[in-house]
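Analysis of the macromolecular model
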Amino acid sequence: MNALKTILTIILITFSATNEISGEKTKKNIYSDTLRKNDTISGIDISFYQKNIQWYKLPNEICFVVIKATEGSKIKDSKFKENWDSAGKYGFFRGAYHFYRPYVTPYVQFRNFISVVKLKKGDLPPVVDAEIHSKYTLKLQNDLKIFLSLLERYYKVKPIIYCNAPFYRKHFYHSYFDDYHFWIADYRGKSLDSTMKMWDFWQYTCWGNVNGIKGYVDKNYYRWGYDSLKNICLK
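Report on the accompanying structure. (Residues numbered from 1 in each chain as written. Predicted model: local features only at pLDDT ≥ 70, side-chain atom pairs only at ≥ 80, totals over all residues. Heavy atoms only, no water.)

1. Things to note about the overall build of the protein chain
- Summing up its helical and strand segments, the protein chain has six helices and nine strands in all.
- Per-residue burial for the protein chain yields a buried fraction of 51% across its 235 residues.
- Sequence separation of at least 24 residues holds for 65% of the intrachain contacts in the protein chain that already meet a minimum separation of 6.
- Carbon together with sulfur atoms contributes 56% to the accessible area of the protein chain, which is approximately 12400 Å² in total. (Helix = DSSP H or I, 4+ residues; strand = E, 2+ residues; numbered from the N terminus. Buried < 20%, exposed > 50% of the residue type's maximum accessible area, 1.4 Å probe, protein only. Contact = heavy atoms within 4.5 Å. Areas by Shrake-Rupley, 256 points an atom, 1.4 Å probe, with all protein chains shown as cover.)

Here's what the structure looks like:
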């Protein structure tokens, strides 16, 4: 068993290193026109999975932190308040996200989110994490539009939509959603091309390592620079 554990550990380390190298390679070689070093802004997204973060150790290049708040109708992230308060204390642009469940009514999910998330001036818009497929595409689109509209009316700012590239092409490649900011998860960078109408944030790896966090964390870029990021925050 110990030998097998050692072999599995070596495989995992090799795999994670490969992903990190792939992520760094993607950073340097994909879309050099939009991901220039001086323009892009780095950030992470976190939840209770990252456990006890040592915020004072986080590297200076991290500019924004997006934090899981809620999921579906009732789930509330156990680390949200601690993470939210710490992100504010240490001066990060901070945002909160809801993990959207397509078979739960948007009104119930909206009530869950606003019961936890109190945004103020300087915070990022609310983020909707939409990654669970539904065989009823039109209903999913309509319900998401309702949820997004509820958030926009409540917080007075247009929400950000997070999804992966295949989900975007199936559900969001529609003028229905053209005026939203999109945050795309694509770990090889191959889908950030002409098939994507627009994207603003890029989650380029889920195997990131940063000081202050034990284990892996999602790493992201905002493509338009510091002033633009500041401009989309709540006024």
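2. Brief notes about the nonpolar core
- Core analysis: the largest hydrophobic core is formed by 49 residues, its most contacted members being Ile46, Phe172 and Phe182.
- Those residues in contact with Phe172 that lie beyond four places of it in its chain are Ala130, Leu144, Ile161, Cys163, Phe167, Phe177 and Phe182.
- Ranked by size, the runner-up nonpolar core spans 17 residues in total, among them Cys63, Ile160, Trp183 and Ile232. (Core = buried A, V, L, I, M, F, W, Y, C linked by side-chain atoms within 4.5 Å.)

3. Observations regarding the packing of helix H4 (residues 137-155) against helix H5 (residues 165-172)
- Taken N-terminus to C-terminus, the directions of H4 and H5 make an angle of 95°; their axes are 10 Å apart at the nearest point. Here H4 lies roughly perpendicular to H5, going by the angle between them. Contacts between H4 and H5 involve Thr137, Leu140, Gln141 and Leu144 from the former and Phe167, Lys170, His171 and Phe172 from the latter.
- Here the residues of the contact of H4 with H5 are counted per class, giving four nonpolar, three polar and one charged. (Axes fitted to C-alpha atoms, helices over the stretch in contact; angles between N-to-C directions. Parallel < 35°, antiparallel > 145°, perpendicular 65-115°, else oblique. Nonpolar A, V, L, I, M, F, W, Y, C, P; charged D, E, K, R; others polar.)

4. Here's the deal with the pattern of salt bridges
- Summed over all chains, the structure comprises eight salt bridges.
- A salt bridge links Arg101 to Glu71, with the shortest nitrogen-to-oxygen separation between them at 2.4 Å. Here Arg101 is found in the loop between strand S4 (93-99) and helix H3 (106-114), whereas its partner Glu71 is found in strand S2 (residues 62-71), with 30 residues between them in sequence.
- The partly exposed category is assigned to Arg101, whose relative accessible area is 33%.
- Between Asp143 and Lys139 there is a salt bridge whose closest N-O contact spans 2.6 Å. Within this pair, Asp143 and its partner Lys139 are both found in helix H4, separated by four residues, close to a single helical turn.
- A residue is classified by how much of its surface remains accessible, and Asp143, at 10% relative accessible area, is buried.
- A relative accessible area of 47% means that Lys139 is categorised as partly exposed.
- Through salt bridges with shared partners, a single network forms among Lys68, Glu71 and Arg101. (Salt bridge = Lys/Arg side-chain N within 4 Å of Asp/Glu carboxyl O.)

5. Some points on the packing of H3 against H4
- It is the contact of H3 with H4, at a shortest axis distance of 9 Å, that shows an interaxial angle of 35°. For the element pair H3 and H4, the recorded crossing hand is right-handed. Where H3 approaches H4, its residues Pro106, Tyr107, Gln109, Phe110, Phe113 and Ile114 are matched on the opposing element by Asp143, Ile146, Phe147, Leu150, Leu151, Tyr154 and Tyr155.
- For the contact of H3 with H4, the residue count by class is 11 nonpolar, one polar and one charged. (Left-handed = near helix turned anticlockwise from the far one by under 90°.)

6. Topic: H5
- Inspection of H5 places Ala165, Phe167, Tyr168, His171 and Phe172 among the buried residues, and these make up the whole buried set. Viewed end-on, H5 has its buried residues packed into an arc of 155°, placing them on one side of the element.
- In this fold, the buried residues of H5 make contact with H4, strand S6 (160-164) and strand S7 (181-185).
- Where H5 begins, one side-chain oxygen reaches toward the backbone nitrogen of Phe167, 2.8 Å away; that side chain belongs to Asn164. (Arc of directions from axis to C-beta. Polar contact = N/O pair within 3.5 Å; in protein donor to acceptor, adjacent residues only side chain to side chain.)

7. Let's talk about the environment of Phe80
- Relative to the assigned elements, Phe80 resides in helix H2 (residues 80-89).
- Separated by 10 residues in sequence, Phe80 and Thr70 place their C-alpha atoms 8.5 Å apart.
- Aside from chain neighbours lying at most four places away, what touches Phe80 is Ile67, Lys68, Ala69, Ala96, Val116 and Val117.

8. Considerations on the packing of aromatic side chains
- Summed over the entire model, instances satisfying the criterion amount to 23 aromatic pairs.
- An angle of 80° between the planes, with centres 6.0 Å apart, marks the rings of Phe113 and Tyr155 as edge-to-face. A residue pair is termed long-range when its members are at least 10 positions apart, and Phe113 in helix H3 and Tyr155 in helix H4 qualify at 42 residues.
- Here Tyr155 falls in the buried class, since its relative accessible area comes to 7%.
- Through a chain of ring-to-ring contacts, the aromatic side chains of Phe167, Tyr168, Phe172, Tyr176, Phe177, Tyr180 and Phe182 assemble into a single cluster.
- Sitting over the face of the ring of Tyr180, Lys158 holds its NZ or CZ atom 4.5 Å from the ring centroid. (Phe/Tyr/Trp six-rings, centres within 6.5 Å; stacked < 30°, edge-to-face > 60°. Lys NZ or Arg CZ within 6 Å of the ring centre and 35° of its normal.)

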